[in-house]
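Residue strings, one per chain:
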Amino acid sequence: MLRYFLLFAILLTVLLEVTFYIVVSSTAEAQARVRISHAGNEVASLFYSPNNDFKISAEMREYRKEGINFYLLSEEGNIILPIGYEVDNDDISDLSVIISELDGVDEGGSVIFAENDSLVYAKRVPYAGQNTYITAYYSMRILKGSMRVMVLYLVIIGVIVLLVAGLISFSASQKLSDGLKNLSMTAVRFSKGDFDVNFANAEYQELADLSDTLNSVRDEVKKSEDFQREILANVSHDLKTPLTMIKAYASMIREISGDNPEKRDKHLQVIIDEADRLTGLVNDVLNVSKVTSNMDEINFKVFNLTEFLYGIINKFEYLQETQGYTFMVDIDANLYTRADEEKIGQVIYNLLGNAVNYTGEDKTVYISLKKDLQEDRIKLKIRDMGKGIAKDELAEIWNRYYRVKENHSRPVKGTGLGLNIVKIILKNHSFDFGADSELGKGSTFWIDFPAVPEEIENV
Ligand code: ADP
């Protein structure tokens, strides 16, 4: 990075300096041209009005003070003017050069050209009936000398700028790479499972932002680790209880109740119930990983939701017969929807299971499936009259492994995964869903299914 920065700085400095040089030198030359042309025309005009040689020479002398040397040359190339004072005439060009430069110029016109470090002005003027030439020389030597000094300064300034830029970029890149090294070392510790690391770097805003992001990633990973640990503890605890029960009752059958059919049946029923509970737990754990892994695989098809719902309710029939549960249904006939049948089955099964688990003394679950004519929606509501869910917990229940704390001692064991499965599946379908609940009054879980006409082809 440092190398690129320096290369860029060198390029920029050279470019700026060259541009500066070109602009300054061309401006200076243009100004010199304007000046010599103005002076030349002034002096030339003296020849068109009655003036004597001394007056013209005096005028030429004035311009000599400004560095412009005037001469009036005869056709043979001799100096006619100025007179009355000594001049050194080293700068005078060959007359042939002047004549060739003036070639093609209109009568009364002038030329300016560069020759031997000088700008030369030339014009034909009438003098005592002869063909004469007024010439002016403006030496560019001083200007070129100044330009040389300026180039030297530019080079010195350029070097200083590059040195300063190099120093600044070196220290900046050093700080940046130190910061990055720090971050990567912390990340290595983090990857080895040290969740107490802190990604700290406030030197650069971008690095500080990156550190913040990494810190929040660390928090999330830590949270999920804690969750995993908690669920493992929960699941193993929940698995242990039915296993202990199964073992205890099996021993009891062998040792005590084997010959007593009534007792034996009772004990066998406990074993069957506990085995069911185990199956439920294992299914929940399996389902959540399955649902999460094939997130996008939704096999949409049109099916009869009414019949499908009745089918699931029938699976809970044993609860009505053996444990006195009541299912109050209000279901419209022949409602069709388009969804993934198997996954929706899982959703309804989970919601019904929860309603059964958490319903109150009345052991009643209310199920309604109604078509909303205006919106072309079918609303499924599963309601229980149980203890309900507190407002601040209502949003949390959809999260993985979330279980309302005091429910740990409830008779039906759960993993806290059921509603998370429901959420993932319904979100993948883009269906609206939710839960309304009031503590002590029960809860209603609802889903909006799209209503489709029966005759729509399956795609
Ligand atoms: P669990 O296996 O614990 O039932 P869920 O994901 O199905 O897990 O539910 C998460 C939590 O939401 C439950 O532990 C329970 O506290 C609460 N919950 C779910 N359904 C109901 C309900 N119908 N009434 C009261 N609380 C409920």
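Residues numbered from 1 in each chain as written. Predicted model: local features only at pLDDT ≥ 70, side-chain atom pairs only at ≥ 80, totals over all residues. Heavy atoms only, no water.

## Digging into the overall build of the protein chain
Reasoning step 1: In terms of helices and strands, the protein chain carries 11 helices and 12 strands.
Reasoning step 2: Whereas a compact globule of 459 residues would reach a radius of gyration of roughly 23 Å, the protein chain reaches 51 Å, over 25% beyond that.
Reasoning step 3: Along the three orthogonal principal directions, the C-alpha set of the protein chain runs to about 160 × 55 × 35 Å.
Reasoning step 4: Residues counted as buried form 38% of the 459 residues belonging to the protein chain. (Helix = DSSP H or I, 4+ residues; strand = E, 2+ residues; numbered from the N terminus. Rg over C-alpha atoms; globule rule 2.2 N^0.38 Å. Buried < 20%, exposed > 50% of the residue type's maximum accessible area, 1.4 Å probe, protein only.)

## Observations concerning the sheet that holds strand 9 (residues 364-372)
Reasoning step 1: A sheet is described by the order of its strands in space; here 5 strands give the open sequence 7-9-10-12-11, paired in mixed fashion. Pairing within the sheet leaves two strands with one partner each, and these edge strands are strand 7 (326-331) and strand 11 (433-438). For this sheet the average axis-to-axis angle between neighbouring strands, irrespective of direction, equals 15°.
Reasoning step 2: As judged from the 8 bridges shared by strand 10 (residues 377-384) and strand 12 (residues 442-450), these two strands associate in the antiparallel manner. Paired with Arg-383 across the strands is Thr-444, a residue of strand 12.
Reasoning step 3: Where helix 9 (residues 341-358) meets the sheet, its contacts fall on strand 7, strand 9, strand 10 and strand 12, and the angle it forms with strand 10 comes to roughly 25°. (Pairing = 2+ DSSP bridges. Axes fitted to C-alpha atoms, helices over the stretch in contact; angles between N-to-C directions. Contact = heavy atoms within 4.5 Å.)

## Observations regarding the nonpolar core
Reasoning step 1: Core analysis: the biggest nonpolar cluster contains 42 residues, and Ile-348, Leu-352 and Leu-380 have the highest contact counts within it.
Reasoning step 2: Every element with two or more residues in this core is listed here: helix 7 (305-315), strand 7, helix 9, strand 9, strand 10, helix 11 (418-429), strand 11 and strand 12.
Reasoning step 3: The leading source of residues in this core is helix 9, at 7 residues.
Reasoning step 4: With near-sequence residues (within four places) excluded, Leu-352 lies in contact with Ile-312, Ile-313, Phe-316, Phe-327, Val-365, Ile-367 and Ile-382.
Reasoning step 5: Counting residues in each nonpolar core, the second largest holds 23 residues, with Ile-36, Leu-46, Tyr-63 and Tyr-138 among its members. (Core = buried A, V, L, I, M, F, W, Y, C linked by side-chain atoms within 4.5 Å.)

## Side note on the pairing of strand 5 (residues 130-139)
Reasoning step 1: Among the 10 residues of strand 5, 7 are classified as buried, and the element is accordingly described as predominantly covered.
Reasoning step 2: Counted between consecutive antiparallel strands, the loop separating strand 4 (residues 118-127) from strand 5 contains 2 residues, among which Ala-128 sits at a positive phi close to 45°.

## Observations regarding the side chain of Asn-69
Reasoning step 1: For Asn-69, the position within the fold is in strand 1 (residues 68-73).
Reasoning step 2: Judged by relative accessible area, which is 14%, Asn-69 ranks as buried.
Reasoning step 3: The residues touching Asn-69, leaving out its near neighbours within four places in the chain, are Arg-64, Asp-91, Thr-135, Ala-136 and Tyr-137.

## With respect to the pattern of salt bridges
Reasoning step 1: As enumerated under the stated definition, the model contains 14 salt bridges in all.
Reasoning step 2: Residue Lys-65 pairs with Glu-62 through a salt bridge whose shortest N-O separation is 3.2 Å. Residue Lys-65 and its partner Glu-62 are located together in helix 2 (residues 53-65), separated by 3 residues, close to a single helical turn.
Reasoning step 3: By relative accessible area, Glu-62 is classed as partly exposed at 45%.
Reasoning step 4: Here Arg-254 makes a salt bridge to Glu-255, at a shortest N to O gap of 3.3 Å. The same class applies to Arg-254 and to Glu-255, which are both exposed.
Reasoning step 5: Through salt bridges with shared partners, one network takes in Asp-330, Asp-332 and Lys-370. (Salt bridge = Lys/Arg side-chain N within 4 Å of Asp/Glu carboxyl O.)

## Focus: the confidence of the model for the protein chain
Reasoning step 1: Taken as a whole, the protein chain shows an average pLDDT of 85; of its residues, 92% reach a score of 70 or greater.
Reasoning step 2: Every residue in residues 407-412 scores below 50 in pLDDT, and together they form 9 contacts with partners more than four places removed in sequence or on other chains. (pLDDT = per-residue confidence, 0-100.)

## Re the sheet that holds strand 3 (residues 110-115)
Reasoning step 1: The 5 strands are arranged 2-1-5-4-3 in an open sheet whose pairing can be described as antiparallel. The two strands at the open ends of the sheet, each matched to only one other strand, are strand 2 (79-81) and strand 3. When the angles between neighbouring strand axes are averaged without regard to direction, this sheet yields 35°.
Reasoning step 2: One ladder, built from 6 bridges, connects strand 3 with strand 4; its direction is antiparallel. Bridge pairing in strand 4 places Phe-113 opposite Val-120.

## Observations regarding a nonpolar patch on the surface
Reasoning step 1: On the surface, Ile-10, Val-14, Val-18, Tyr-21, Ile-22, Val-151, Val-155, Val-159 and Leu-163 cluster together into a nonpolar patch covering about 750 Å² of accessible area.
Reasoning step 2: When residues of the nonpolar patch are assigned to their parent elements, the largest contribution, 5 residues, is made by helix 1 (residues 2-45).
Reasoning step 3: The topology assignment puts Val-159 in helix 4 (residues 141-191). (Patch = residues over 30% accessible without salt bridge, like charges linked within 9 Å, V, L, I, M, F, W, Y side chains within 5 Å. Areas by Shrake-Rupley, 256 points an atom, 1.4 Å probe, with all protein chains shown as cover.)

## A short note on the packing of helix 9 against helix 11
Reasoning step 1: At a minimum axis distance of 9 Å, the contact between helix 9 and helix 11 shows a crossing angle of 145°. Regarding helix 9 and helix 11, the two cross each other, and that crossing is left-handed. On helix 11, the residues that touch Lys-343, Ile-344, Gln-346, Val-347, Asn-350, Leu-351 and Asn-354 of helix 9 are Gly-418, Leu-419, Ile-421, Val-422, Ile-425, Leu-426 and His-429.
Reasoning step 2: Grouping the constituent residues of the contact of helix 9 with helix 11 by class yields 8 nonpolar, 5 polar and 1 charged. (Left-handed = near helix turned anticlockwise from the far one by under 90°. Nonpolar A, V, L, I, M, F, W, Y, C, P; charged D, E, K, R; others polar.)

## Notes on the domain arrangement of the protein chain
Reasoning step 1: You can read the domains of the protein chain as domain 1 (2-144) and domain 2 (226-456).
Reasoning step 2: Taking only C-alpha atoms, the centre of domain 1 and the centre of domain 2 are 105 Å apart. (Domains from an automatic or database assignment.)

## Remarks on the packing of aromatic side chains
Aromatic ring pairs: the centre-centre distance and the angle between the two ring planes describe each pair.
Reasoning step 1: Summed over all chains, the structure comprises 9 aromatic pairs.
Reasoning step 2: Ring centres 5.9 Å apart and planes at 70° place the aromatic pair Trp-398 and Phe-445 in the edge-to-face group. Taken together, the residues span a long stretch of sequence, with Trp-398 in the loop between helix 10 (391-394) and helix 11 and Phe-445 in strand 12 at a distance of 47 residues.
Reasoning step 3: Looking at Trp-398, the relative accessible area reads 11%, which means it is buried.
Reasoning step 4: Judged by its relative accessible area of 9%, Phe-445 is buried.
Reasoning step 5: Seen in terms of ring centroids, Phe-431 and Phe-449 are 5.6 Å apart; in terms of plane orientation they differ by 70°. Their pairing is edge-to-face. Of this pair, Phe-431 sits in the loop between helix 11 and strand 11 while Phe-449 is found in strand 12, placing the two residues 18 residues apart along the sequence.
Reasoning step 6: For Phe-431, a relative accessible area of 8% puts it in the buried group.
Reasoning step 7: Among the aromatic residues, those joined into a ring-pair cluster are Phe-190, Phe-195 and Phe-199.
Reasoning step 8: If you follow Lys-379 out to its NZ or CZ, it ends over the ring of Trp-446, 4.5 Å from the centre. (Phe/Tyr/Trp six-rings, centres within 6.5 Å; stacked < 30°, edge-to-face > 60°. Lys NZ or Arg CZ within 6 Å of the ring centre and 35° of its normal.)

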